[in-house]
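Residue-level listing of the chains:
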Amino acid sequence: MSRNSSTIWLPRSRRSPAIARQRVSALLSSVPDGRRFLDSGLVVTTELVTNAVLYGTPMGRLIYFAIDVDSTRLRIEVHDALGDRKPLLSAPGLDGETGRGLRLVDSLTKRWGCCPRRPVGKIVWGEVIA
């Protein structure tokens, strides 16, 4: 692993988004000009890890979190165990309490997507471009 990358296994826990944000902050603080990705990177991390905790990871399974930064982009990957539950952009109503997270991801990333993870699960990823 390069000094511009970091990975961690996270529990299926409401504490996991905070742990992932700490990892992003530490990595971006350690690379030249990395802080320019911080605000967007923290929001995207929060949304993707929260979705994995709430919708993508059965009890007793872990979430794999990987980040990589270079001079032009921060890539965030969240690997979970449920490949059949693909993330979808939704149009929440005014009274809806959920459904806005992927809209934030879509607006803060240059590109994002989902792909299968072998042998099981999926990878949801996003790239923040500065």
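Look up a bit, the structure's there.
Residues numbered from 1 in each chain as written. Predicted model: local features only at pLDDT ≥ 70, side-chain atom pairs only at ≥ 80, totals over all residues. Heavy atoms only, no water.

A. Expanded view of the overall build of the chain. Scanning the chain from terminus to terminus reveals three helices and five strands. Helices and strands appear in the chain in the N-to-C order β-α-α-β-β-α-β-β. A compact globule built from 130 residues should have a C-alpha radius of gyration of about 14 Å, and the chain, at 14 Å, falls within 12% of that. With the C-alpha coordinates aligned to their principal axes, the bounding extent of the chain is approximately 40 × 35 × 25 Å. A total of 130 residues make up the chain; the buried ones form 41% of that total. Considering only contacts within the chain whose residues lie at least 6 apart along the sequence, 64% involve residues at least 24 apart. (Helix = DSSP H or I, 4+ residues; strand = E, 2+ residues; numbered from the N terminus. Rg over C-alpha atoms; globule rule 2.2 N^0.38 Å. Buried < 20%, exposed > 50% of the residue type's maximum accessible area, 1.4 Å probe, protein only. Contact = heavy atoms within 4.5 Å.)

B. Region of the structure containing helix H2 (residues 38–56). Here H2 spans 25 Å end to end across 19 residues, near enough to the 27 Å set by a 1.5 Å rise per residue. Buried within H2 are the following residues: Leu38, Gly41, Val44, Thr45, Glu47, Leu48, Val49, Ala52, Val53 and Gly56. Close packing links the buried residues of H2 with strand E1 (5–10), helix H1 (16–30), strand E2 (63–69), strand E3 (73–80), helix H3 (101–108) and strand E5 (122–129). (Expected span 1.5 Å × (residues − 1).)

C. Up close: the sheet that holds E5. Judged by pairing direction, the sheet is antiparallel, and its five strands sit side by side in the order E1-E2-E3-E5-E4 without closing on themselves. Every interior strand has two partners, whereas the edge strands, E1 and strand E4 (111–116), have only one. With strand direction ignored, the average angle separating the axes of adjacent strands in the sheet is 15 degrees. As paired strands, E3 and E5 are joined by eight bridges and run antiparallel to one another. Residue Leu74 lies in a different strand from E5, and its bridge partner there is Val128. Each of E1, E2 and E3 touches H1; the most contacted strand, E1, lies at about 165 degrees to it. (Pairing = 2+ DSSP bridges. Axes fitted to C-alpha atoms, helices over the stretch in contact; angles between N-to-C directions.)

Read these as spatial facts, not as claims about activity.
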